[in-house]
Number of protein chains: 2
Amino acid sequence: MLHQPTETRDTRERILDAAETVVAERGVAALSLEAVAAAAGVSKGGLLHHFRSKEALLTALVERMVAEMRAGYDAFAAGEPEGPGRHTRACIAWALRPSPEQRTRDLRLAAALLSAHAHDPGLIEPVRREHARIRAAIADDGLLPGHAHAVLAAADGIFLAKVFGLWSPDETLARAIEAALRSLAKPC
Amino acid sequence: MLHQPTETRDTRERILDAAETVVAERGVAALSLEAVAAAAGVSKGGLLHHFRSKEALLTALVERMVAEMRAGYDAFAAGEPEGPGRHTRACIAWALRPSPEQRTRDLRLAAALLSAHAHDPGLIEPVRREHARIRAAIADDGLLPGHAHAVLAAADGIFLAKVFGLWSPDETLARAIEAALRSLAKPC
DNA sequence: GCCGACCGACCGTCCGGACGGCATGTCGCA
DNA sequence: TGCGACATGCCGTCCGGACGGTCGGTCGGC
């Protein structure tokens with residue numbers, strides 16, 4: 001494995017974090033290279049040293065996001081007991097289990113998704129592939145296909161509604177929605 | 001009531017249609033005044049005669065979209081039989097009943113939502129209000145709150161996944177999802 | 001003394017918006 | 001009926017600013 005100086009990786013991560021922060025706080029339109037550089041405590045030249053173009057920055061943002069998605073979802077799947085409906089229940093947990101680090105994860109996801117899609121819809125292709133992977137897992141989960149996909153749609157809805165700031169259920173409602181979805185995730 | 005020449009209204013509508021077309025075909029980043037004007041067969045000056053700024057254009061886009069949303073949803077609600085779960089079933093129909101004019105409606109919604117939110121997240125406030133209105137109707141629909149909101153989340157997910165081009169169920173899967181959601185929309 | 005991280009000035013381009021002008025039509029008035 | 005004053009829908013040019021990206025240069029470590 002090539003040895004990469006730690007400082008470089010730190011700066012790259014700092015820049016990606018800064019990009020997400022800018023989008024989260026000031027919207028997609030404010031995502032300029034100068035704004036990101038300033039938020040990361042780096043000059044514009046320094047930023048462009050790490051990401052050769054804005055598109056490269058957005059691509060890296062999407063890649064990191066998808067990796068985070070995949071790791072998070074797989075962790076939930078691993079936490080569910082074996083048997084039919086496991087992946088479907090992982091979707092429920094992924095969308096409706098509020099934990100501090102998940103809140104920030106959602107903000108990161110939203111920022112990356114929105115900014116990349118705004119620049120070029122083709123940039124979120126990795127997200128589409130990850131979604132397809134989850135769909136495949138869910139279709140082979142031992143449930144009626146309609147039930148599993150209804151749960152997936154609900155999980156998507158919870159998350160994407162948060163992306164646009166449409167709404168977010170409070171704690172008690174989240175529990176109630178979770179119960180309703182779990183009733184769909186039972187073996188037929 | 002003031003008499004408004006018909007030609008003006010036509011041109012305004014043509015411009016709004018053109019804006020949606022540009023976004024749908026070339027993405028949010030391509031939504032410039034010049035591109036919209038060209039697609040509408042109007043000069044940039046002519047466009048700015050009807051919409052004093054880009055923000056005014058986007059505001060009008062969102063307003064038209066919300067009106068369309070509201071009319072469509074209310075039509076589905078009116079078509080459902082009275083009794084508990086009516087609004088919840090209207091959500092299901094709204095998201096999962098494919099009809100030609102609804103496909104184009106979805107494209108319009110997606111284009112308006114994405115472009116307005118990209119320019120300024122505050123511009124989609126009317127959408128948030130409309131969503132809140134539907135949530136209120138659903139919360140008072142005679143079902144367990146968790147069930148009704150789970151259905152709403154699924155409807156949101158189906159639509160918003162389409163907005164980002166993540167996926168869209170085919171006809172048979174749509175029927176299966178519909179059946180699963182309807183099982184949640186039964187009186188408790 | 002080389003190399004990689006980073007800087008900051010600079011450039012070309014694009015975009016939003018202002019502005020003055022030009023037709024067409026309408027109304028008041030003689 | 002004819003005419004002038006004005007409003008309206010639309011055009012096309014121009015400008016200031018912002019933004020993405022280039023490039024020559026600096027500095028510290030190996």
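All of these numbers come straight from a predicted model, not from anything done at the bench.

Let us look at the overall build of chain A. The secondary structure content of chain A amounts to nine helices and zero strands. When the helices and strands of chain A are placed in sequence order, the string is α-α-α-α-α-α-α-α-α. Along the longest, intermediate and shortest principal axes, the C-alpha atoms of chain A span 60 × 40 × 30 Å. Buried residues in chain A amount to 40% of all 188 residues. Looking at chain A alone, contacts between residues at least 24 apart form 67% of all its contacts between residues at least 6 apart.

Below, the discussion takes up the protein's contact with DNA strand D. The full set close to DNA strand D counts 19 residues, and Ser32(A), Lys54(A), Ser43(B), Gly45(B) and Gly46(B) are the nearest of them. Those elements that provide at least two residues to the surface near DNA strand D are helix H2 (33-40) and helix H3 (44-50) of chain A together with helix H1 (6-26) and helix H3 (44-50) of chain B. Ranked by the residues each element gives to the surface near DNA strand D, the list is headed by H3(B), at five residues. Here the residues of the surface near DNA strand D are counted per class, giving four nonpolar, 10 polar and five charged.

Residues and elements named next belong to chain A. Partitioning chain A into domains gives domain 1 (1-52) and domain 2 (54-184). With centres defined by C-alpha atoms, the gap from domain 1 to domain 2 works out at 25 Å. Residue contributions to the side of domain 1 that touches domain 2 peak at five residues, all from helix H1 (residues 6-26). Tallied by class, the residues present in the side of domain 1 that touches domain 2 amount to eight nonpolar, no polar and two charged.

For Leu109(B), the position within the fold is in helix H6 (residues 100-119). C-alpha separation for the pair Leu109(B) and Glu20(B), spaced 89 residues apart in sequence, amounts to 8.6 Å.

This part is about the interface of chain B and chain A. Where interface size is quoted, it is often the accessible area lost as the parts come together. Facing 39 residues of chain B, the contacting portion of chain A comprises 38 residues. Of all the secondary-structure elements, those providing two or more residues to the side of chain B that touches chain A are H6, helix H7 (125-139), helix H8 (145-163) and helix H9 (171-184) of chain B. Looking at the side of chain B that touches chain A, the element that brings in the most residues is H8(B), giving 13 residues.

Residues and elements named next belong to chain B. The contact between helix H5 (residues 86-96) and H8 brings their axes to 9 Å, and the two run at 15°. Here H8 runs roughly parallel to H5, going by the angle between their axes. Between H5 and H8 the crossing geometry is left-handed. Judged by residue contacts, Thr88, Cys91, Ile92, Trp94, Ala95 and Leu96 of H5 engage Ala148, Val151, Leu152, Ala155, Ile158 and Phe159 from H8.

Structurally, Leu152(A) can be placed in helix H8 (residues 145-163). Once residues lying within four places of it in the same chain are set aside, the contact partners of Leu152(A) are Cys91(A), Ile134(A), Arg135(A) and Ile138(A).

This part takes up the protein's contact with DNA strand C. What surrounds DNA strand C is a group of 19 residues, the closest being Ser43(A), Gly45(A), Gly46(A), Ser32(B) and Lys54(B). Elements with a minimum of two residues in the surface near DNA strand C: H1 and H3 of chain A together with helix H2 (33-40) and H3 of chain B. For the surface near DNA strand C, the element with the most residues is H3(A), which contributes five residues. Across the surface near DNA strand C, the residue classes tally to four nonpolar, 10 polar and five charged.

In screw terms, the move from chain B to chain A is a rotation of 180° and a rise of 0.0 Å along the axis, fitting with an RMSD of 0.0 Å. With respect to symmetry, the two chain copies, as superposed, fit the operation of a two-fold axis. When the interface residues of chain B are mapped onto chain A, 97% of them are again interface residues, pointing to one common binding face.

Bringing the confidence of the model for chain A into the picture now. Summary statistics for chain A give a mean pLDDT of 92 and a share of 95% for residues scoring 70 or more. Note on residues 1-6 of chain A: pLDDT under 50 across the span, and one contact to partners over four residues away in sequence or across chains.

Let us look at the nonpolar core. Residues Val151(A) and Val151(B) are the most contacted members of the largest nonpolar core, which totals 114 residues. Apart from residues lying up to four places away in sequence, Val151(A) is in contact with Thr88(A), Cys91(A), Ile92(A), Leu181(A), Leu184(A) and Ala185(A).

Here is what the cut-offs are and how they apply
- Residues numbered from 1 in each chain as written.
- Chains lettered and ligands numbered in written order.
- Predicted model: local features only at pLDDT ≥ 70, side-chain atom pairs only at ≥ 80, totals over all residues.
- Helix = DSSP H or I, 4+ residues; strand = E, 2+ residues; numbered from the N terminus.
- Buried ≥ 20, exposed ≤ 12 C-beta atoms within 10 Å, placed from the backbone.
- Contact = placed C-beta atoms within 7 Å.
- Near = placed C-beta within 6 Å.
- Nonpolar A, V, L, I, M, F, W, Y, C, P; charged D, E, K, R; others polar.
- Domains from an automatic or database assignment.
- Axes fitted to C-alpha atoms, helices over the stretch in contact; angles between N-to-C directions.
- Parallel < 35°, antiparallel > 145°, perpendicular 65-115°, else oblique.
- Left-handed = near helix turned anticlockwise from the far one by under 90°.
- Least-squares fit on C-alpha atoms with pLDDT ≥ 70 in both.
- pLDDT = per-residue confidence, 0-100.
- Core = buried A, V, L, I, M, F, W, Y, C linked by C-beta atoms within 7 Å.

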